Amino acid sequence: MADCEKLLAILEEKFGAKRDLADKWGFTVLVERENLHALMLFLRDDQSAKFDVLLDIVGVDYLGFKDYEGPRFAVEYVLKTMKAPVRRMRVKVLVSETDCKVPSIADLYAIANWQEREVFDQYGVVFEGHPDLRRLLNHAEFEGHPLRKDYPAHKRQWLSTNDYLLPELEARLESKGYKIVARSKEVMPNDDEYLEGSRKV
Amino acid sequence: MTALAEKANIITSSLDFIVNWGRKNSLWPFPYGTACCAIEFMSTETARYDLSRIGSEYVRFTPRQSDVLLVAGTITYKQAPILKRIYEQMAEPRWVIAMGACASSGGFYDAYCTVPGIDHIIPVDVYIGGCPPRPESFFDAMFQLQEKIQDESYMKARAERVKEQLEMIKAKTAECKENAEKAVKNAVSCGVQTIKEGKDNLMKKVAFWKE
Amino acid sequence: MIVINPNGEQQALMPLNVGPSHPATHGCLRYMAAMDGETIVACETEIGYLHRGFEKMAERGTWQQVLPYTDRLNYCSAIMNNIAYCRAVEEMLGIEIPERTKVIRVIVNELSRMADHCICVAAAAQDLGSTTGFFYLFDSREKTMVIWEKLTGARLTNSYSRIGGLYRDLYNGFEEDVLDVCNTAERNLKDVHACFDRNRIFLDRTTNVGVISPERAISYGWTGPCLRATGVASDLRKDEPYYDYETYDWNVVVGTKGDVYDRLMVRLAEIEESIKIVRQALKRLKPGPIDIVDPRIRVPAHALAYQDMEALIGRFKSVYEGIRVPKGEHYCGSETANGELGFTLISDGSGKPWRIKVRPPCLTQFAAYQELVEGSMLADSMATLSSINIIAGELDR
């Protein structure tokens, strides 16, 4: 615990981070979103912290939480290291509903790309600076963000037809230095091949 | 001719028997496995509960070469158009088995993303309950499917297919009959008229000669 | 499509959709590959075909009602997910489970791990063309499933562990059955190694295929046998031990190069290590209680409810209100067969979970798939896909 206190003192001084009291069993630090990127960079590279594994990015919706006043959403980062004395910690950022943006850390950890896409998909939190923010788990025609507390669990949405991944593939090729000269043709299904109950976009 | 084409007889029922015997004892499954039921299906195909003893020797992972579409696992809305397309790519005769609770009714995933049963998308022949169903349940389902296939009739299926043609043939035959009757009536009336004319002429001649 | 590659030459690439309906049971993954002949130049993956809404369903019921949903995460080794979840909730409740429960949980954990590794290598073998390996490896798994059936009532998705204990105690003859499984597994491993170790085709198809460096793997957050295959000796059972794992005599299996061969061989070697742990754990089994005695957490036995008032109240409250987990947020990770399965639990003090987030080990491994596959051939991509052990239930939740 002494190591946690030391680390907390450094983080408090540098980034204005406070200890989150909701986590009574581990070590969670609450930080403002302006300092988030710098804090994560520090945690990854500095010798006293060296958190090289980003385990998870969790989105939380506090709508209806008993005795809670504060911004509606929270994004929590779960970190781990095998080298430094403090082995695990979490970083929490509170995000309000009206200004639902958080700086992206996809340039620090390779896995943050997909995990931030998932938080965007389920909660609608936009990650600024993310290279390719689109849905991960729900289908392309899904409207809404299902894990929010005001999205009814039984509200089903049909998908009319699967999307071609060609635009994304071309973006990937371009990021590797290829230039697209002629695109492939996308063949859409006939009208009667769309699923009943779905809407054609 | 049409009556003969519709009724089953000893030849067609023997043909039915042989065709269905061949089909039911060589059901090649296409395991459309998505979730846990697929693992239980893998157990069914391995040595302990051997699936090949009922004719499904090896699983064909392509719809073009398989008979039974075995949907094992949850189908989500993202997956649904693909399931439909795969079903349409299968050649007849084809059957569908919905394996497990998730494929039959959505299971206990009553959520925004799961299809509540694949019969919202494709027609299903046999439903297997269980989460996941035991290999013995799976065999029971295959046996029920075999019984269903046994009761199929080639002539009935053929009658379904050719129903339109038979209707057309019937209509055409009726039309021809009508035309023939009309022609006969015409001919008869013509004949009657000629005879009457002949009689009249004869009467006139007789009268002429009398005078 | 026609492109101009970085060297300035014009190339014709073919987009090939390796769709969500795959051979071998890696259903529900899709990638669109731009092919130059047989080589994959660029690849774009898509997941979500088995997204069943675990996290939304978990918010519907009580803490105990989440347990069957956790079964279906990594359905090849369902009990490990149960135990990981129960461990997370027990840490939040601050309770200590009895000794016998710890030993039993270790035994079933390791048996599940063996079963999961068997399936992974079996599916990989089938993808590479060796149906023989597939059948050999399923032998010990079938015997394990018979044990599960006798112990828990279900073959595959058995919700065996409970918050504060287990579903029920071991049956007579459990030790003999488990020892039989261990012997069968050793025999099968010998056969499988005879099939693969010096097999020219297997070696050609798996060595130097799908290589990843340790730094890149750590940046992707890899854990479990895939990370150990790159050379990093990271195992939660040794680094942050729980359930007395540090008192057993076993080794962490580490690979060298991080290619497909290493990943599969690490799994086979881990089966041997698990057999060691199971044999030692069986000797430690001593009679005792398996549930903690706290009617607010572990529901009292059914027979007692007809006799004792407190037991009746305990059962009633447990079913209707759920276990009251103290308010707060907690993350707890356990070493499952694929890596670190973590649960972030957020409780508002009532009996229903506010938020449960699963940290699936497969997601990190599949996120790296693009990098592993670009530049290799289509057949190599199949070998890579089966070696990183994607379980769609866990990946998409």
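Residues numbered from 1 in each chain as written. Chains lettered and ligands numbered in written order. Predicted model: local features only at pLDDT ≥ 70, side-chain atom pairs only at ≥ 80, totals over all residues.

### Focus on the overall build of chain C
Counting its secondary structure elements, chain C contains 17 helices and 10 strands. Scaling as 2.2 N^0.38, a compact globule of 397 residues should have a C-alpha radius of gyration of about 21 Å, and chain C matches this with 22 Å. Once the C-alpha set of chain C is aligned to its principal axes, its extents read approximately 85 × 45 × 35 Å. A burial count over chain C gives 59% of its 397 residues as buried. Here the analysis covers contacts within chain C between residues at least 6 apart in sequence; of these, 69% occur between residues at least 24 apart. (Helix = DSSP H or I, 4+ residues; strand = E, 2+ residues; numbered from the N terminus. Rg over C-alpha atoms; globule rule 2.2 N^0.38 Å. Buried ≥ 20, exposed ≤ 12 C-beta atoms within 10 Å, placed from the backbone. Contact = placed C-beta atoms within 7 Å.)

### A closer look at the overall build of chain B
Assigned secondary structure in chain B consists of 8 helices and 4 strands. When the helices and strands of chain B are listed from N to C terminus, the series reads α-α-β-α-β-α-β-α-β-α-α-α. The C-alpha atoms of chain B give 32 Å as radius of gyration, which overshoots the globular expectation for 211 residues (17 Å, by more than 25%). Dimensions of chain B along its principal axes, counting C-alpha atoms only, are 115 × 40 × 25 Å. Taken across its 211 residues, chain B has 35% of its residues classed as buried. Here the analysis covers contacts within chain B between residues at least 6 apart in sequence; of these, 81% occur between residues at least 24 apart.

### Focus on the environment of Y77 of chain B
Structurally, the position occupied by Y77 of chain B is in the loop between strand 2 (68-72) and helix 4 (80-89). Using a count of 25 C-beta atoms within 10 Å as the deciding quantity, one classes Y77 of chain B as buried. Separated by 74 residues in the primary sequence, Y77 of chain B and D151 of chain B place their C-alpha atoms 34 Å from one another. Those residues in contact with Y77 of chain B that sit more than four places away from it in its chain are H139, R156, Q157, W158 and L159 of chain A together with C113 and V115 of chain B.

### So, the sheet that holds strand 3 (residues 95-99) of chain B
All names here are of chain B. Read from one edge of the open sheet, 4 strands run 1-2-3-4, paired in parallel fashion. Two strands bound the open sheet, and with one partner strand each, they are strand 1 (29-33) and strand 4 (126-128). Taken over all neighbouring pairs, the strand axes of this sheet differ in orientation by 20° on average, direction set aside. Alignment of strand 1 against strand 2, held across 5 bridges, turns out to be parallel. From the neighbouring strand, P29 faces strand 2, where its bridge partner is V68. Seen against the sheet, helix 3 (residues 36-45) touches strand 1, strand 2 and strand 3 and runs at an angle of roughly 145° to strand 1. (Pairing = 2+ DSSP bridges. Axes fitted to C-alpha atoms, helices over the stretch in contact; angles between N-to-C directions.)

### Some thoughts on the interface of chain A and chain C
On the side of chain C, 46 residues touch chain A, which itself brings 47 residues to the contact. Secondary structure elements with two or more residues in the side of chain A that touches chain C: strand 3 (53-61), strand 4 (73-80), helix 3 (112-123), helix 4 (166-175) and strand 8 (179-182) of chain A. At 6 residues, the largest contribution of residues to the side of chain A that touches chain C is made by strand 3 of chain A. Taken together, the residues of the side of chain A that touches chain C break down into 27 nonpolar, 7 polar and 13 charged. Sheet topology note: the strand 8 of chain A/strand 1 (residues 2-4) of chain C ladder contains 3 bridges and is antiparallel. (Nonpolar A, V, L, I, M, F, W, Y, C, P; charged D, E, K, R; others polar.)

### Brief notes about unusual backbone geometry
Of note, the bond from E92 of chain B into P93 of chain B is cis; its omega dihedral lies within 30 degrees of zero at -5°. With respect to the helices and strands, the residue P93 of chain B is situated in the loop between helix 4 and strand 3. The peptide bond linking C131 of chain B to P132 of chain B adopts the cis configuration, its omega dihedral lying at -10°. In this fold, P132 of chain B is placed in the loop between strand 4 and helix 6 (135-150). Residue Y243 of chain C is not a glycine yet carries a positive backbone phi of 55°.

### Re the interface of chain B and chain C
Between chain B and chain C, the contact holds 28 residues from the first and 29 residues from the second. For the side of chain B that touches chain C, the secondary-structure elements that each account for two or more residues are strand 1, helix 3 and helix 4 of chain B. The element that contributes the greatest number of residues to the side of chain B that touches chain C is helix 3 of chain B, accounting for 6 residues. Residue classes in the side of chain B that touches chain C are distributed as 16 nonpolar, 8 polar and 4 charged.

### Considerations on helix 13 (residues 309-320) of chain C
Taking 1.5 Å as the rise per residue, helix 13 of chain C with 12 residues should run 16 Å; its terminal C-alpha atoms sit 17 Å apart, in good agreement. Looking one or two residues past helix 13 of chain C, G322 of chain C carries a phi angle of roughly 90°, positive in sign. (Expected span 1.5 Å × (residues − 1).)

### Concerning the domain arrangement of chain C
Residue and element names in this part refer to chain C. Looking at chain C, the domain boundaries give domain 1 (2-46) and domain 2 (65-396). With centres defined by C-alpha atoms, the gap from domain 1 to domain 2 works out at 33 Å. On the domain 2 side, the residues contacting the 14 residues of domain 1 number 18 residues. Ranked by the residues each element gives to the side of domain 1 that touches domain 2, the list is headed by strand 5 (residues 39-46), at 6 residues. (Domains from an automatic or database assignment.)

### What about the packing of helix 4 (residues 99-128) of chain C against helix 5 (residues 131-152) of chain C?
In helix packing, the relevant descriptors are the interaxial angle and the interaxial distance, both defined with respect to the helix axes. All names here are of chain C. Axis separation between helix 4 and helix 5 bottoms out at 8 Å; the angle between their running directions is 160°. The angle between helix 4 and helix 5 falls in the class roughly antiparallel. In this structure, helix 4 meets helix 5 at a crossing whose hand is left-handed. In this structure, helix 4 contributes L111, M114, A115, C118, I119, V121, A122, A125 and Q126 to the contact, and helix 5 contributes T131, G133, F134, L137, F138, S140, R141 and T144. For the contact of helix 4 with helix 5, the per-class residue count stands at 11 nonpolar, 5 polar and 1 charged. (Parallel < 35°, antiparallel > 145°, perpendicular 65-115°, else oblique. Left-handed = near helix turned anticlockwise from the far one by under 90°.)

### A word on helix 2 (residues 36-45) of chain A
Two residues of an α-helix separated by three or four positions point the same way, owing to the 3.6 residues in each turn. Residues and elements named next belong to chain A. Looking at helix 2, one finds that the buried residues are L36, L39, M40 and L43. Down the axis of helix 2, the buried side of the element spans an arc of 95°, and every buried residue falls inside it. Check the buried side of helix 2 and you find it contacts helix 1 (2-15), strand 4, strand 5 (88-95) and strand 6 (101-103). (Arc of directions from axis to C-beta.)

### Considerations on the sheet that holds strand 3 (residues 14-18) of chain C
Sheet architecture is open: 3 strands sit in the order 3-4-5 (chain C), paired in antiparallel fashion. Each end of this open sheet is capped by a strand with a single partner; those strands are strand 3 and strand 5 of chain C. Strand after strand, the sheet turns through a mean of 25° between neighbouring axes, direction not considered. On the sheet, helix 4 of chain A packs against strand 3, strand 4 (30-36) and strand 5 of chain C and is oriented at approximately 130° with respect to strand 5 of chain C.

### Things to note about the environment of K6 of chain A
Note that K6 of chain A resides in helix 1. Once the C-alpha coordinates of K6 of chain A and L147 of chain A are considered, the two residues, 141 residues apart in sequence, prove to be 36 Å apart.

### What about the pairing of strand 5 of chain C?
Residue and element names in this part refer to chain C. Summarising burial for strand 5: 6 of the 8 residues are buried, a large majority. In the sheet, strand 4 pairs with strand 5 via 7 bridges, with the strands oriented antiparallel. Each bridged residue has a counterpart across the sheet, and for R30 the counterpart in strand 5 is E46. In this antiparallel pair of consecutive strands, strand 4 and strand 5, the connection spans 2 residues, and G37 shows a positive phi of 70°.

### Let's talk about the nonpolar core
One finds L79 of chain A, L70, V71, I97 and M99 of chain B together with V89 of chain C to be the most contacted residues of the largest nonpolar core, which totals 219 residues. Top element by residues in this core is helix 4 of chain C. It accounts for 17 residues. The contacts of M99 of chain B, once residues within four sequence positions are left out, are C37, F41, L70, V71, A72, I128, P133 and F138 of chain B. (Core = buried A, V, L, I, M, F, W, Y, C linked by C-beta atoms within 7 Å.)

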